[in-house]
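Overview (structure and organization)
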Amino acid sequence: MRLSFHGACSEVTGSNILIESRNQKILLDCGLFQGPRLHEEKNFSGFGYSPSEINALVLCHAHLDHVGRTPKLVKEGFRGRIYSTGPTKELAQLVLADNEKLMHDEVEKHGGELLYDLADLERTVPLFETIPYGERIEIVPGIKLTLLNAGHILGSCVCVIEAEGKKLAYTSDLGNNPSLLLESPTRVASADYLISESTYGGRTHEDINLRTQKLAWVLENTIKDSGVLLIPSFAIERTQELLHDIDHFCSIEGCNRPMFYLDSPLAQKVTAVYGKYPEFLGSNIRSNHLDNDFFGLERVQITQTVDESKEINDAPSPKVIIAGAGMMNGGRILHHAKRYLPDSKNTLLIVGYQAKGSLGRRILDGDTEVKIHGERVPVNAKVKAIGSYSAHADAPQLENYIKSIAGLKRVFFVHGEPEESQAIANTVSTKIGIVSIIPETGKYYEL
Ligand SMILES: [Zn+2]
């Protein structure tokens, strides 16, 4: 069995792993490179293998950095099956279509070429085959796949591959434990090799219980100051967690005016998929919401059109606006940021990972003036962050997860900035005594 990595090596985006066994080739994830423009140009380079020679693709969860190059793979000749859970299939379709629209707008404004178009996406959808958690199936001759709950986003998986008498597990993205909406990641009893994410390989999250307290504090202050609370949010999982927590806050405190806005068409569609697959949610949340109303949507003003989005400006403060994109590198949040960041009564609340170079990261790092749509915008609003909303395991959780897998000979660390991958690799090799490797893009590793 031979392994090679074609993205997410010493970085957090572009996940794409090739496994070759005898004459079969399969891929785990096929993600987009995201970040500064120069970096995104990598999406247009060749894959490092021939897409038409790939027999099957496994998509472990629906984030764009794990599924975003799939239509390009199809465009360049891939005709195999795509294996995933049901929610991953539906969520992937939504994010891929949304991304096509963003790329389309970008190309219209600045020129250039589309990575894929709607026709490529239409050719991609019929290739999906959905499988439930825990079922072991032979996806190509000689290679078996089992998907286990990863507790990261709805339908996310740890993938277990068996071939040539060896077992390889891949965390894709491993969830933060405990998760508000999902079950904790399922343990892999034993494996010979592990490919692990390392987003927070060198860090420990703040106590998860602080989250509700901190959110309540920010909401109370927004109401007291009659300010505007802006929350840039990722459409999948984070938005649903926020809606759930806001609903909880309101049911205790009472919120007597319509002041919550969900200004993201994508997040609205994603929330509907969550409602469609309650069996993928954790048993806790299901038993607390026997009516299946997990997100208190009757409290929230949902804005579909651009005009409705603009009308939020006219609504009196206090108000809370949840809008995409999560790292503020596009989307409706930018219009709100331009309007509300200059006023010190307002608050920007960061609840997700902010990649280097993103607008969210620059503001979080303390920039007092930023450029939005070519305009200089002073940042006088308060900037707050809640770290425990992370959907990723932190260093102690990664360490525990790895330690619990019997028989590991080698661990490959991907999906982390270099210092994070290095930190967890050091921990695992010195404390647990397992050979740890930070792979290089395109290099082959014999198993
Ligand atoms: Zn992810």
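These numbers were taken from a predicted model, which means no experiment stands behind them.

Some points on the coordination of the zinc ion
Coordination of the zinc ion by the protein involves His61 (NE2), His63 (ND1), His152 (NE2) and Asp173 (OD), with metal-donor separations of 2.2 to 2.3 Å. Each of the four donor atoms bound to the zinc ion contributes to angles spanning 91 to 165°, and the resulting shape is irregular.

Notes on the sheet that holds strand E19 (residues 382-385)
Strands sit in the order E14-E13-E15-E12-E16-E19 across an open sheet of six strands; the sheet is parallel. Lying at the two open borders of the sheet, with one neighbouring strand each, are strand E14 (300-302) and E19. The average angle at which neighbouring strand axes cross in this sheet is 20°, direction not considered. As judged from the four bridges shared by strand E16 (residues 347-350) and E19, these two strands associate in the parallel manner. Opposite Ile350, over in E19, you have Ala385 as the bridge partner.

Here we look at unusual backbone geometry
In this chain, Asn177 is followed by Pro178 through a cis amide linkage whose omega measures 0°. The topology assignment puts Pro178 in the loop between strand E10 (166-170) and strand E11 (193-197). Put simply, Gly324 and Ala325 share a cis peptide bond, and its omega is 5°. Here the phi dihedral of Glu237 falls at roughly 75°; this positive angle occurs in a residue that is not glycine. By the secondary structure assignment, Glu237 is in the loop between strand E12 (228-232) and helix H7 (238-253). The class for Glu237 is buried, based on a relative accessible area of 1%. For Met328, which is not glycine, the phi dihedral falls at a positive 65°. Tracing the chain through its elements places Met328 in the loop between strand E15 (319-323) and helix H11 (333-340). Among the residues examined, Met328 registers a relative accessible area of 1% and is labelled buried.

Re the sheet that holds strand E3 (residues 24-30)
A sheet is described by the order of its strands in space; here seven strands give the open sequence E6-E5-E4-E3-E2-E1-E22, paired in mixed fashion. Looking at strand neighbours, the two that pair on one side only are strand E6 (128-130) and strand E22 (444-446), the edges of this open sheet. The average angle at which neighbouring strand axes cross in this sheet is 25°, direction not considered. Looking at chain direction, strand E1 (residues 2-5) and E22 are connected through three bridges and run antiparallel. Counted as the bridge partner of Leu3 is Tyr445 from E22. With respect to the sheet, helix H4 (residues 86-110) is in contact with strand E5 (81-84) and E6, its orientation differing from that of E6 by roughly 145°.

Criteria and cut-off values
Residues numbered from 1 in each chain as written. Predicted model: local features only at pLDDT ≥ 70, side-chain atom pairs only at ≥ 80, totals over all residues. Heavy atoms only, no water. Donors = N, O, S within 2.8 Å, 3.2 Å for Na, K, Ca; no water. Tetrahedral: all angles 85-135°; square planar, octahedral: opposite > 155°, others 65-115°. Pairing = 2+ DSSP bridges. Helix = DSSP H or I, 4+ residues; strand = E, 2+ residues; numbered from the N terminus. Axes fitted to C-alpha atoms, helices over the stretch in contact; angles between N-to-C directions. Buried < 20%, exposed > 50% of the residue type's maximum accessible area, 1.4 Å probe, protein only. Contact = heavy atoms within 4.5 Å.

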